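Spelled out, the chains give:
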Amino acid sequence: MEFFRIRRDIPFMKHALVLNAISFITFIAAVFFLTTRGLHLSVEFTGGTVMEVAYEQPADLESVRKVIEGLGYQEVPVQNFGTSRDVLLRLPAMQGQSSGQQSETVLAALKAQNPAVELRRTEFVGPQVGQELVANGLKALGLVIVGIMIYLAFRFEWKYAVSAIIANLHDVIIILGFFAFFQWEFSLAVLAAVLAVLGYSVNESVVIFDRIRETFRRQRKMTPHQVIDHAITSTISRTIITHGSTQAMVLSMLIFGGPTLFYFSLALTIGICFGIYSSVFVGAAVAMWLGIKREDLIKSSGTKNDGDPGDPNSGAVV
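In this report, the structure presented in the accompanying data block is examined. None of these values were measured; they are calculated from a predicted model.

## Considering a nonpolar patch on the surface
A cluster of nonpolar side chains, contributed by Phe-24, Ile-25 and Ile-28, occupies part of the molecular surface with about 330 Å² of accessible area. With respect to the helices and strands, the residue Ile-25 is situated in helix H1 (residues 16-36). Since its relative accessible area comes to 59%, Ile-25 is described here as exposed.

## Regarding the sheet that holds strand S5 (residues 118-125)
Strands sit in the order S3-S4-S2-S5 across an open sheet of four strands; the sheet is antiparallel. Of all strands in the sheet, those bounded by a partner on one side alone are strand S3 (78-81) and S5. When strand polarity is set aside, the average angle formed by the axes of neighbouring strands in this sheet is 25°. Taken together, the seven bridges between strand S2 (residues 48-54) and S5 define a ladder with antiparallel strand orientation. Following the sheet pairing, Val-53 is matched in S5 by Leu-119.

## Some words on the packing of aromatic side chains
Two numbers describe a pair of aromatic rings. These are the distance of the centres and the angle of the planes. Tallied over the entire structure, the rule returns 14 aromatic pairs. Considering the side-chain rings of Phe-178 and Phe-182, the 6.3 Å spacing of their centres and the 15° angle between planes classify their relative orientation as stacked. Taken as a pair, Phe-178 and Phe-182 lie in helix H6 (residues 158-182) at a separation of four residues, close to a single helical turn. Aromatic pair Phe-179 and Phe-186: ring centres 6.3 Å apart, planes at 90°, arrangement edge-to-face. One aromatic cluster is present, formed by Phe-32, Phe-33, Phe-178, Phe-179, Phe-181, Phe-182, Trp-184, Phe-186, Phe-262, Tyr-263 and Phe-274 through successive ring pairs.

## Topic: the pairing of S3
Relative to strand S4 (residues 83-92), S3 is paired through four bridges, and the arrangement is antiparallel. Across the sheet, Gln-79 pairs through a bridge with Leu-88, a residue of S4. Counted along the chain from S3 to the antiparallel partner S4, the turn is one residue long, and its residue Gly-82 has a positive phi close to 90°.

## Details of the packing of helix H7 (residues 188-218) against helix H8 (residues 224-234)
Direction vectors running N to C along H7 and H8 enclose 125°, while the axes themselves pass 8 Å from each other. With respect to their mutual orientation, H7 and H8 come out oblique. Two packed elements cross with a definite hand, and for H7 against H8 that hand is right-handed. On H8, the residues touching Ile-208, Arg-211, Ile-212, Thr-215 and Phe-216 of H7 are Pro-224, Val-227, Ile-228, His-230, Ala-231, Ile-232 and Ser-234. Grouping the amino acids of the contact of H7 with H8 by side-chain chemistry returns eight nonpolar, three polar and one charged.

## Examining unusual backbone geometry
Phi at Gln-183 is positive, roughly 55°, even though this residue is not glycine. Position of Gln-183 among the secondary structure elements: in the loop between H6 and strand S6 (185-186). Owing to a relative accessible area of 30%, Gln-183 belongs among the partly exposed residues under this scheme.

## What about the nonpolar core?
Formed by 52 residues in total, the largest nonpolar core has its most connected members in Met-13, Leu-152, Ile-212, Ile-228 and Ile-232. If you tally residues by element for this core, the top one is H7, at 12 residues. In contact with Ile-228, other than residues within four places in its own chain, are Met-13, Ile-212, Ala-284, Met-288 and Ile-292.

## Focus on helix H3 (residues 61-70)
Residues spaced three or four apart along an α-helix face the same direction, because each turn holds 3.6 residues. What H3 keeps buried is the set Leu-61, Ser-63, Val-64, Val-67 and Ile-68. The buried side chains of H3 occupy one side of the element, clustering within an arc of 160° when seen end-on. With respect to the buried face of H3, the exposed residues turned more than 90 degrees away are Lys-66 and Gly-70. Where the residues of H3 are buried, they touch S3, S4 and helix H4 (99-113).

## As for the pattern of salt bridges
Applying the stated rule across the entire model yields eight salt bridges. Between Asp-210 and Arg-213 there is a salt bridge; the shortest N-O distance is 2.7 Å. In this pair, Asp-210 and Arg-213 are both assigned in helix H7, three residues apart and thus about one turn of the helix distant. A residue is classified by how much of its surface remains accessible, and Asp-210, at 28% relative accessible area, is partly exposed. Given a relative accessible area of 14%, Arg-213 falls into the buried group. Ionic contacts of the salt-bridge type, sharing partners, join the residues Glu-52, Arg-121 and Glu-123 into one network.

## Regarding the side chain of His-243
Position of His-243 relative to the elements: it lies in helix H9 (residues 236-256). Owing to a relative accessible area of 5%, His-243 belongs among the buried residues under this scheme. Those residues within four positions of His-243 in sequence are excluded, and the remaining contacts are Tyr-200, Glu-204, Arg-238, Ile-272 and Ile-276.

## Details of the environment of Gln-57
Residue position: Gln-57 is located in the loop between S2 and H3. A C-alpha to C-alpha distance of 9.2 Å links Gln-57 and Ala-116, two positions 59 residues apart in sequence.

Thresholds applied
- Residues numbered from 1 in each chain as written.
- Predicted model: local features only at pLDDT ≥ 70, side-chain atom pairs only at ≥ 80, totals over all residues.
- Heavy atoms only, no water.
- Patch = residues over 30% accessible without salt bridge, like charges linked within 9 Å, V, L, I, M, F, W, Y side chains within 5 Å.
- Areas by Shrake-Rupley, 256 points an atom, 1.4 Å probe, with all protein chains shown as cover.
- Salt bridge = Lys/Arg side-chain N within 4 Å of Asp/Glu carboxyl O.
- Helix = DSSP H or I, 4+ residues; strand = E, 2+ residues; numbered from the N terminus.
- Buried < 20%, exposed > 50% of the residue type's maximum accessible area, 1.4 Å probe, protein only.
- Pairing = 2+ DSSP bridges.
- Axes fitted to C-alpha atoms, helices over the stretch in contact; angles between N-to-C directions.
- Phe/Tyr/Trp six-rings, centres within 6.5 Å; stacked < 30°, edge-to-face > 60°.
- Parallel < 35°, antiparallel > 145°, perpendicular 65-115°, else oblique.
- Left-handed = near helix turned anticlockwise from the far one by under 90°.
- Contact = heavy atoms within 4.5 Å.
- Nonpolar A, V, L, I, M, F, W, Y, C, P; charged D, E, K, R; others polar.
- Core = buried A, V, L, I, M, F, W, Y, C linked by side-chain atoms within 4.5 Å.
- Arc of directions from axis to C-beta.

Below you can see the structure in the form of structure tokens.
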């Protein structure tokens, strides 16, 4: 399925050096903000108290936030949970207060505003659990990266595996850099989005690499630069269809999903946008810098060349 077909190849690799320099600067900036500011981890990672309260009427989240901020809490997630009458609060741990004292203080303040509010449940997430979640999250991220490298090394060649991993890490680090710079809350949902972006980005890289291999087989006279440009140009229509439909769904979650899905969909939005960019201008370009050639993907049989059927020299013994 194609919306359009471009007859003339676009010289993407002609601008690869400049665009790779921009990517490198962006990557370094993301690492800098991650190092200096760090991530604003949610209660699941740092430990704290999770409260669920219920109202008789749909809750006014803004007024609830003002009550919580009046108790000294800053940027506490306040969101609907299940229905518009149920509200979920994630309170960070406060020095000198136990989880029970926190929940009692918050509930008393909420009752002072609306006596009809009821406490449905309260849970304490200890810092030890948070440390385990961080460790398990990093392990999951590492296993995904190793699995992708092994898959691409068997599917294509080691140069493509290295290129794809550099492109995927580029996407992940930039997502984390955005969250570090703006101090957006990094929760388990955001971690799930980062892992999803890894799989999504490698899919785009595989499509382009597969088209590169196909072009090497069909076009013997093209240089590697021309092969890459042709492969990327021939997949543009497919990229617009797949990424456009995916982005439309993610944007609907971002706009209409509410606070619960906001940062999850925001991470996906950033990842999809940079995933397209990295597959073309990072993954393919790095493969070009590593010196990919036809022989990396097309193995000679020893007596015959894998040339075009119409080539009179095809099959000639040297």
